[in-house]
Amino acid sequence: MALLKDYATARAIASLWDGYQASLGEPPYLGRTKFGIRKQDGLDLAFIKGKNQLPVSLKASAFDAQAELRDGIGFSTIENSMPFFRESIMFTEKEEQDFATFSSLSSDRGADILQNIVKKPLDLIRGARVVPERMIWQLLAPADGVPKIHVVINGEAFDIEYMSASSAVDYKKSNFKEIKGDSQWKNSETATPLQDLIDIKKDFANETGYSLTRFTMNQETWAEVLAAEDTKKQVQGILAYQNGIRMDDAEVVRYLAGKGIEIEVYDKVYVDEEGKTQKFIPTGYVSCQSAGVYLGEFVYGTTPEERSGSLTDGTLSIVDTGIAVYTYSTNHPINTHCVVSEIGLPTYQGMDSVVCINVDAGATPSA
């Protein structure tokens, strides 16, 4: 007789996950493609970020003189403790019975029941994969312009800071832009979104030397770009605009590409702790990243299950570099449990090269 505890091992679940990913056919999370990935031991995360300054010319010096020590140009060290995430599922005694009954059958109903039973741990892994993506976009598109990560632990909210309060003031001046009043992109008759993007790209390059290239927003924000009357005039020309010729999205993309601006429309969503559907990039925000700049990496720590889980009583596998899948069984009641856990936090060495734009400043952000 087939036993669920023998089938639902961590190794089997990891194998099922690989097949499940392939069957979903989903593209990878966009934020994860922008950051590297690394595994380390322990909970502490420290990274060194170079201060954002344009190159300063060397000072002239006399021969045989002591070289003058340069001050004010160096590095800042950012340290945080990585948060811990963990949830579990339990296969009930009824599911144990159903598994034993239908595993010996070849009927479609039996296959469906088995699939529903073993899919439960995969939903936990999918949830674990949301965590890094959610964190990355909190850094790349912060609502108030200051990169930080918001987590909720046992119902209590915490912010993981990436800079001091004084540094945040300076950071917002150069790396956070607000478009207000009649220029807000939601005001289609008066907004000039294309020129806003072009001007921000030009001004940031003049101020910092960074060339903003990739401009990421969700579909609702992109729709505001397309709806602006000025967009139609700039892309099609006044004559075509006056004649009411329809404008295609691709025309706007090509127009901006000619200005060195690559548009990324990213509309993936997730469900938060309160059960609400949220977009990774909130509506009304644009994240602008510079080409050729290393942004950072997502660093996984070692979870308690990975470090101390009993392999005598349970089984362990690691998926996606740092997500721990641990299974064990209890003798009374007779249940099989699966725990999925992760510890992780992104570094953000390239924060000085990123600009976040609130294109409807003063409006309430929507998910």
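Our structure's up above, just so we're on the same page.
Position numbers for residues start from 1 in each chain and track the written sequence from start to end. In keeping with the model being predicted, local features are shown solely for residues with a pLDDT of at least 70 and side-chain atom pairs are shown and tallied solely at 80 or more, while totals for entire chains, interfaces and linings include all residues. Working from all heavy atoms in the structure, the side-chain values ignore hydrogens and water.

A. Examining the overall build of the protein more closely. Secondary structure elements follow DSSP: runs of H or I no shorter than four residues count as helices, runs of E no shorter than two count as strands, and numbering proceeds from the N terminus. Along its length, the protein carries 12 helices and 17 strands. Buried means the residue's accessible area, taken with a 1.4 Å probe over protein chains only, is under 20% of the maximum for its type, while exposed means over 50%, and partly exposed covers the values in between. Sorting the 367 residues of the protein into buried and exposed places 45% on the buried side. Any two residues whose heavy atoms approach within 4.5 Å are treated as being in contact. Put simply, 76% of the contacts in the protein that link residues at least 6 apart link residues at least 24 apart.

B. Geometry of the pairing of strand β6 (residues 156-161). Strands were regarded as paired on the criterion that DSSP finds at least two bridges between them. One ladder, built from 6 bridges, connects strand β5 (residues 148-153) with β6; its direction is antiparallel. When the sheet's bridge partners are listed, Val152 is paired in β6 with Ala157.

C. Highlighting the pattern of salt bridges. Any carboxyl oxygen of Asp or Glu within 4 Å of a side-chain nitrogen of Lys or Arg constitutes a salt bridge here. For the structure shown, the criterion picks out 13 salt bridges. In this structure, the salt-bridge partner of Glu178 is Lys180, at a minimum N-O distance of 3.8 Å. Linking Lys232 and Glu229 is a salt bridge whose minimum nitrogen-to-oxygen distance equals 3.6 Å. Of the two residues, Lys232 and Glu229 are both situated in helix α9 (residues 229-236); the distance of 3 residues between them amounts to about one turn of the helix.

D. Spatial organisation of the environment of Asp352. Considering the arrangement of structural elements, one finds Asp352 in the loop between β16 (334-346) and β17 (355-358). Take Asp352: its relative accessible area is 8%, and that puts it in the buried class. With 62 residues separating them in the primary sequence, Asp352 and Ser290 have C-alpha atoms 9.6 Å apart.

E. Spatial organisation of the packing of α9 against helix α11 (residues 249-257). Throughout, an axis means a line fitted to C-alpha atoms (over the contacting stretch in the case of helices), and angles, computed between N-to-C directions, take values from 0 to 180 degrees. At a minimum axis distance of 10 Å, the contact between α9 and α11 shows a crossing angle of 70°. When the axis of α9 is compared with that of α11, the two are roughly perpendicular. Contacts between α9 and α11 pair Thr231, Gln234, Val235 and Gln236 from the former with Glu251, Val252 and Tyr255 from the latter. Note that Gly is not counted as nonpolar here; it falls among the polar residues with everything else outside the nonpolar set of Ala, Val, Leu, Ile, Met, Phe, Trp, Tyr, Cys and Pro and the charged set of Asp, Glu, Lys and Arg. Partitioning the contact of α9 with α11 into residue classes produces 3 nonpolar, 3 polar and 1 charged. Put simply, angles under 35 degrees are roughly parallel, angles over 145 are roughly antiparallel, angles from 65 to 115 are roughly perpendicular, and the rest are oblique.

F. The arrangement of the side chain of Arg129 in detail. Structurally, Arg129 is set in helix α5 (residues 108-140). Residue class for Arg129 comes out buried when judged on its relative accessible area of 19%. Polar contacts, as used here, are pairs of N or O atoms within 3.5 Å; protein pairs need one atom able to donate a hydrogen and one able to accept it. Residues neighboring in sequence count only if both atoms are side-chain atoms. Engagement of the side chain of Arg129 in a polar contact is seen with the side chain of Asp320, the distance being 2.9 Å. Setting aside chain neighbours within four positions, we find Arg129 in contact with Trp17, Gln21, Tyr29, Asp320 and Ile323.

G. Inspection of the side chain of Thr336 at higher detail. Among the secondary structure elements, Thr336 is positioned in strand β16. Overall, the relative accessible area of 2% leaves Thr336 in the buried class. Here Glu96 takes part through its side chain, which lies 2.9 Å from a polar atom of the side chain of Thr336. In this view, Thr336 contacts Leu4, Lys5, Ala8, Ile89, Met90, Phe91, Glu96, Tyr328 and Ser329; residues no more than four positions away in its chain are not counted.

H. Spatial organisation of the environment of Asn335. The residue Asn335 is located in strand β16 in this model. On the basis of relative accessibility, which here comes to 6%, the residue Asn335 falls in the buried class. When residues no more than four places from it in sequence are discounted, the contact partners of Asn335 are Met90, Phe91, Thr92, Glu93, Glu96, Tyr328, Ser329 and Thr330. Only 3.3 Å separates the side chain of Asn335 from the backbone oxygen of Phe91, close enough to count as a polar contact.

I. Spatial organisation of the sheet that holds strand β9 (residues 262-265). Taken together, 5 strands build an open sheet; the order of strands is β7-β17-β12-β8-β9 and the sheet is mixed. Because the sheet does not close on itself, it has two edges, and the strands there are β7 (176-178) and β9. Taken pair by pair, the neighbouring strands of this sheet meet at an average axis angle of 20°, ignoring direction. Here β7 pairs with β17 via 3 bridges, running parallel. Along β17, the bridge assignment pairs Phe176 with Cys356. Most of the contacts of helix α8 (residues 219-227) go to strand β8 (residues 212-217), to which it runs at about 110°, and overall it touches β8, β9 and β12 (285-290).

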